[in-house]
Amino acid sequence: MTQAATTSHTGTAGAAPREPWYKVLYIQVLIAIVLGVAIGYLYPEFGKSLKWLGDAFVALIKMMIAPIIFCTIVHGIASIGDLKKVGRVGLKALIYFEVVSTLALLIGIVVGEVIQPGAGFHADPSKLDASKVAGYAQKAAADSTIAHIMALIPKSFFDAFATGDLLQVLLISILTGVVVTGMGQKAEGIAHAIDTAGQIFFRIIGLIVKLAPIGAFGAMAFTIGEYGIQKVVDLAWLVGTFYVTSALFVIVVLGGIARFAGFSIFKFLAYIKDELLIVLGTSSSETVLPHIMTKMRRLGASDSVVGLVVPTGYSFNLDGTNIYMTLATLFLAQAVGADLSVGQYATIILVAMLTSKGASGVTGAGFITLAATLAAIPNNPVPVAAMTLVLGIDKFMSECRAITNLIGNGVACVVVSRWEGELDVKKLNEVMAHPIAIGTDISDHAPAPIDADTKPTPAPGTKVAAAE
């Protein structure tokens, strides 16, 4: 086989002329972020006025999230054709999510105890302005196990699409996929229509993502203009601790998992560089949900696993949010001079495991879950008003939360796909050999239709279930 043919088959960037650097998406986003920081710092009032650019971009993306998740999950379940396998993949994903998420919570506590970023802060709780976080506290007060369960159920089938609630969309998508699969040939036309609609939605997203540099510029200019770099300087120890902890989690924990699954975490990061920069600029991992699903398929993960694992992970696998909640809780306790008991530590972990579910990549969700975690600690020595200490820098920390969440979900998708015996190892190795070039090429093209009859090359030593 000639090299040209090989390049065409693998979909590498070498098959097409290389674009000028200024047309490459991740470079455009990077330049936009730098310009946004400069504008926000030099002209803060003007920077604050640009908030609508970031909000508009996020809104454009979010309007497509619900239909894309619905089409992807329904098509994924229907393409499996075996409800037992659907349950097996879902169970494996949930087991992975809980293990890694719990590890992230524990790492946040360990780092908080060792580094003690809040020690010596000597904040007086009686002098803190609780009104600044009253809104978050009210939302957290309504948070409970029953509230979580009831929140899963939309008012109507279409209400989930109208509100864009990820958990509700997941519920109706799974139910629809199960019914479509159970109907067999009678629903083939519906399944095909849903698959076609999904491809249309992905192409729309491909057009919207071209506006990412504008959205990132506006969001970053507003952030710096509104909160100022001085806020980061004032609490640099906490911000730095969180970023370093998240980086170590990605490199050591997720890197170890990735190595076990047969790929390098550094090459994986290079592969999704476009998405990482978009998340950095917008502070929301939802803005790249469709793209990360496309890239996971091109990386060798099976279509059915991608359709189930990635959307579910956006609600159940939030590693960055988990690290933030335990680390921030310990910071606040240390800042007000409170000593937490072993029982209170256990409560923090258990409550955080619950409150983090459903805290998707939307900016501010992590702050609400932090308030809910603090409110649930028995005999709590840390007042919710203490959250005012981190209110000014939460926006800067939300970017790291979203990036860590995104990386964690990408790794989870590959791992579960390999665990299920449906990882195309040959394709994985081909992509990882040239992650930057291939990643850039994929981001600039609409995803190719997925042939449900195409069987990936299984990982060595795995078993593939026989077709029924």
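Residues numbered from 1 in each chain as written. Predicted model: local features only at pLDDT ≥ 70, side-chain atom pairs only at ≥ 80, totals over all residues. Heavy atoms only, no water.

1. Considering the environment of K85
Its location among the elements puts K85 in helix α5 (residues 83–115). Assessed through its relative accessible area of 14%, K85 is described here as buried. In the structure, K85 is positioned 335 residues away from E420 in sequence and 9.2 Å away in space, judged by C-alpha atoms. With residues up to four places along the chain from it excluded, the contact list for K85 reads I80, E420 and E422. (Helix = DSSP H or I, 4+ residues; strand = E, 2+ residues; numbered from the N terminus. Buried < 20%, exposed > 50% of the residue type's maximum accessible area, 1.4 Å probe, protein only. Contact = heavy atoms within 4.5 Å.)

2. What about the UniProt feature "transmembrane region" (unreviewed entry) in the protein?
The UniProt record annotates "transmembrane region" (unreviewed entry) at residues 24–44, 56–81, 93–115, 160–180, 200–224 and 236–258. The span residues 24–44 carries 90% helix and 0% strand; its end-to-end C-alpha distance comes to 29 Å. Secondary structure across residues 236–258 divides into 100% helix and 0% strand, with the first and last C-alpha atoms of the span separated by 31 Å. (UniProt positions renumbered as here; feature names shortened; annotations may be inferred.)

3. Some words on the confidence of the model for the protein
Should the pLDDT be low somewhere, the predicted coordinates at that spot are not to be read in detail. Of the residues in the protein, 81% reach a pLDDT of 70 or more, and the chain-wide mean stands at 79. Within the protein, helix α1 (residues 3–10) has the poorest average pLDDT of any element, 40, and helix α13 (residues 265–271) the best, 95. Considering only residues more than four positions removed or in separate chains, one finds that residues 443–468, a stretch of pLDDT under 50, has 38 contacts. (pLDDT = per-residue confidence, 0-100.)

4. Some remarks on the side chain of N409
For N409, the position within the fold is in helix α21 (residues 394–419). Taking relative accessible area as the criterion, N409 reaches 4% and is therefore assigned buried. Among the polar contacts made by the side chain of N409, one reaches the side chain of N317 at a distance of 3.0 Å. (Polar contact = N/O pair within 3.5 Å; in protein donor to acceptor, adjacent residues only side chain to side chain.)

5. Some points on the packing of aromatic side chains
This structure, assessed with the given rule, holds eight aromatic pairs. Seen from their ring centres, F242 and Y243 are 6.3 Å apart, and the 85° between their planes marks the pair as edge-to-face. Residue classification places Y243 among the partly exposed residues on the basis of a relative accessible area of 33%. Among the aromatic residues, ring-to-ring pairing joins F70, F157, F158 and F161 into one connected group. Directly above the ring of F222 sits K51, whose terminal nitrogen or CZ lies 5.4 Å from the centroid. Of note, R297 hangs over the ring of F202, and the distance from its end group to the ring centre comes to 5.2 Å. (Phe/Tyr/Trp six-rings, centres within 6.5 Å; stacked < 30°, edge-to-face > 60°. Lys NZ or Arg CZ within 6 Å of the ring centre and 35° of its normal.)

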